[in-house]
Amino acid sequence: MTEKTFMAGFGGQGIISLGQLWVYCAMKEGLEVTFFPFYGAEKRGGVARASVIVSTKEIASPLVTAPDSSIVMNMDSLPICEEVAKQGGLMLVNSSLVKVDPKRADLKVIKIACNEIAEQIGDGKIANMVMMGALSKATGAVKLDKLEAVLKSFFPESKHKFIPMNMAAIEAGMKAV
Amino acid sequence: MSEEKRLMKGNEAIGEAAVRAGCRAYFGYPITPQNELTAYMAKHMLDKKRTFIQAESETAAINMVFGAAATGARSMTSSSSPGISLKQEGISYACGADLPMVIVNIARSGPGLGGISPGQADYFQSTRGGGHGDYFHLVLAPKSVQEAADLTYKAFELADKWRMPVMILADGLIGQMMEGVVLPPAIDPESLPRKPWGVGHQADTHRANNHVSSINLVPVELEALVRARFKRYEEIKKTEVDFEEVNCEKADLILVGYGTSSRVALGALEMAKAQGIELGLFRPISLWPFPEKRIAELAAKGKKFLAVEMSMGQMVEDVRLAANGKGEVHFYGRCGGVIPSEEEVLAEAKRLLGK
C-alpha cells in the first residue's frame, strides 16, 4: 500500500499541521512516511501546500506529482489540485469554502463541510482535523487509532485541554464520508 | 534499549546526529533552506553547555571552525550553496592544515543567490576541492532523513580518522522534509581520545608547541606534504567508497543519481517494472571518493547509464570518466530548483531503450 496525498489550503488553515499529524500517526502505525512542505515566500493568506506519502514499503520520490488523493481546503487550491490529481484520483473538498465543482469528471469527489462541522463542535480552527478524519475513512491508509497519544506529544501540556475537541472533529470527519 | 523512531526534519536530524557524535563546537550563519539546523544547534548545543556561535558571516564561521578543530575538538558548520561558496577559502586552509571538521551543505538552486528551492548544482564545487590549491575532501550524500543523521554521525568519525574536512552534501528537500528516524547513540565529547597534534593542553602535558597551519614557504617541503596527502587520498579511495545498487545486474539501462534524484530514479524504476521494463539504479553515497570501480565494471558488461540530476549535468562527468568510453552515458536533469518527476525520468529511460 502506498498512498500519496497532496494537501492545499490557505496559510493558517492548518495544512502543515494536518500533513505532519497524518504522517506522525502513520509512523506510529508502522508505515514508512515522508512529508514535504512547499515553503517559499508564502505568508498567511497565501496557498500552503504539502506532499505527503505513507507506505508499507520504502518511499521513492518524496515529491507527489500524481496524487492518489488530494485535499482542497479553499477555493484557490482547487485548480492547483485539479491540475496534479491522478486519473481517477480521490479529491476531498472542503465544501464550506469551495462552492464550485471540480471541472474534471474522472475524479472521485467527496465534499465535507469542514468549517461548519468544526464550528458545531466548538471551533472553526479544527476544520483541518475534520478533513483528516475524512481522509482516513476515505483512503483507509492511516487508521488514526494512535492519534490521541500523538497529539499529547505533538502539543505542549498547556494545549492538552483541546485534545477531546480534536478527537471529536476526527470522528465527525469520518462520519461525514 | 533501541531508540524510538522519531519524526524529524532532515535539518534537525543532522543537528541531533552531530550533537550525539560529540560535536563540541558549532559555528554558523543563517541561510534558507538550512535554518532549522542552525536553530537546532543554538538550542541544543547551549543546553549541553557546548559552544554555539552565530558568526558575523559565513567566512567568520568557517574560520572559527578552523580554530576549534585545531584544538582537537569535534567541530562543525553548515550553510547552503551561496554560503558554502563563501566558506571555500577556509575549507582550502583546513585541508592544507589537515584539520578534521564537518561541513553541511543543504544545497539550493544557483548560480548566484539563485533560489531557495532544492538543487544539486554544487557537485563540482564539492567534489573537486572548491577552493584554491591541490586538495580533495570526503563528500557524503544522504537520500533520506535517516541517512542524513547516519552520515552526519559517520562524517565526524571519518574526519578524525583521515584528518580532513568531511562534507555532507544534501539538497533543500532532504533538509526540509520530515521522515521517521532512529538516532545513533550519544557520545560524550570528553570520552573521545585527545589528538596529539592539537594545540593547547600544554599546562597538563608540558610538551613543545604544536603548530596547525597550511603555510610552508619551502617548495620542496610543501611538495612533500601535498604528495603525502595525495597518498592518503589513495588509501581513502580503497576503503571509503560507498554506494547502493538496485537491479543493476539484470537491467541494461542503469539510472545513476544521488540524494533526492536517486529517489526520483527509484520511483521511475518501480513504474518501469510495473510496465514490464527492467531498469537499474546506481546511487553513489560517497561522491568523493566516487564509486568509479563499480561503474567501470558495469560499463565493461555493456550497460548503458542515464545520470539523473537536479543540475545541468555535473555528476554525469564522473560517470563518463568511470565508464571510460565502454558504456554509453546519457543525462537527464532539471535545474533552477525544479525537482524532476518520476514520470519524466521514466519517459527518458523508455526513449533511450526505444520503448
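This is a predicted model, so every value here is computed, not measured.

J.: Explain the domain arrangement of chain B here, please?
T.: When the parts of a complex come together, some accessible area is lost, and that lost area is often taken as the interface size. Residue and element names in this part refer to chain B. When cut into domains, chain B gives domain 1 (6-191 + 229-237) and domain 2 (244-353). Taking the mean C-alpha position of each, domain 1 and domain 2 sit 26 Å from one another. Summing the contributions of domain 1 and of domain 2, the shared interface buries around 2,400 Å²; its carbon and sulfur component is 56%. Looking only at domain 1, the three residues that lose the most surface to domain 2 are Gln120, Tyr123 and Lys143, adding up to 32% of its buried area. The interface formed by domain 1 and domain 2 includes 4 salt bridges. Scanning the region where domain 1 abuts domain 2 turns up 16 residue pairs in polar contact (both at pLDDT 80 or more). Along the lines of polarity and charge, the residues of the side of domain 1 that touches domain 2 split into 17 nonpolar, 7 polar and 7 charged.

J.: Whenever I open this one, the sheet that holds strand 11 (residues 253-256) of chain B confuses me. Can you help?
T.: Note: strands within a sheet are paired through backbone hydrogen bonds, in either parallel or antiparallel orientation. Residues and elements named next belong to chain B. The mixed open sheet is built from 5 strands, whose spatial order is 10-12-11-14-15. This sheet does not close on itself; its edge strands, each paired only once, are strand 10 (243-246) and strand 15 (329-333). Adjacent strand axes in the sheet meet at a mean angle of 20 degrees when their direction is disregarded. With 4 bridges joining them, strand 10 and strand 12 (residues 279-284) adopt antiparallel strand pairing.

J.: Just checking my understanding: could you explain the pattern of salt bridges for this structure?
T.: Opposite charge on two side chains allows them to pair when their charged atoms are near. With the rule as written, the count across this model stands at 36 salt bridges over all chains. With a shortest N-O distance of 2.9 Å, Glu3(B) and Arg20(B) are connected by a salt bridge. Of this pair, Glu3(B) sits in the segment before strand 1 (6-9) while Arg20(B) sits in helix 1 (residues 10-20), placing them 17 residues apart in sequence. A relative accessible area of 34% places Glu3(B) in the partly exposed class. We classify Arg20(B) as buried; its relative accessible area is 11%. The residue Lys250(B) makes a salt bridge to Glu278(B) at a minimum N-O spacing of 3.6 Å. Placement of the pair is Lys250(B) in the loop between strand 10 and strand 11 and Glu278(B) in the loop between helix 10 (259-274) and strand 12, with a sequence separation of 28 residues. The structure contains a network of salt bridges with shared partners spanning Glu58(A), Lys143(B), Glu147(B), Glu244(B) and Arg283(B).

J.: I'm lost on the interface of chain A and chain B in this one. Help?
T.: Contacts between the two partners involve 23 residues from chain A, matched on the other side by 26 residues from chain B. Buried surface at the junction of chain A and chain B, summed over both partners, amounts to about 2,000 Å²; 60% is from carbon and sulfur atoms. Scanning the region where chain A abuts chain B turns up 5 salt bridges. The salt bridge partner of Lys143(B) is Glu58(A), with a shortest N-O separation of 2.8 Å. Across the chain A-chain B interface, the total number found is 11 residue pairs in polar contact (both at pLDDT 80 or more). Listed by contribution, the elements that provide at least two residues to the side of chain A that touches chain B are helix 1 (15-28) and strand 2 (32-38) of chain A.

J.: Could you clarify how one ought to interpret the packing of aromatic side chains in this entry?
T.: Per the counting criterion, the structure on display carries 10 aromatic pairs over all chains. Taken together, a centroid distance of 6.2 Å and an interplanar angle of 70 degrees make the contact between Tyr24(A) and Phe154(A) edge-to-face. Linking Tyr24(A) in helix 1 with Phe154(A) in helix 5 (residues 147-154), this pair joins segments that are 130 residues apart in sequence. Aromatic side chains Phe230(B) and Tyr233(B) sit 4.7 Å apart centroid to centroid with 65 degrees between the ring planes, which places their arrangement in the edge-to-face category. Here Tyr233(B) and Phe230(B) lie together in helix 9 (residues 219-239), a separation of 3 residues that amounts to about one turn. Taken together, the ring pairs connect Phe136(B), Phe230(B), Tyr233(B) and Trp288(B) into an aromatic cluster.

Conventions used here
Residues numbered from 1 in each chain as written. Chains lettered and ligands numbered in written order. Predicted model: local features only at pLDDT ≥ 70, side-chain atom pairs only at ≥ 80, totals over all residues. Heavy atoms only, no water. Domains from an automatic or database assignment. Buried area = accessible area lost by both parts, 1.4 Å probe. Salt bridge = Lys/Arg side-chain N within 4 Å of Asp/Glu carboxyl O. Polar contact = N/O pair within 3.5 Å; in protein donor to acceptor, adjacent residues only side chain to side chain. Nonpolar A, V, L, I, M, F, W, Y, C, P; charged D, E, K, R; others polar. Pairing = 2+ DSSP bridges. Helix = DSSP H or I, 4+ residues; strand = E, 2+ residues; numbered from the N terminus. Axes fitted to C-alpha atoms, helices over the stretch in contact; angles between N-to-C directions. Buried < 20%, exposed > 50% of the residue type's maximum accessible area, 1.4 Å probe, protein only. Contact = heavy atoms within 4.5 Å. Phe/Tyr/Trp six-rings, centres within 6.5 Å; stacked < 30°, edge-to-face > 60°.

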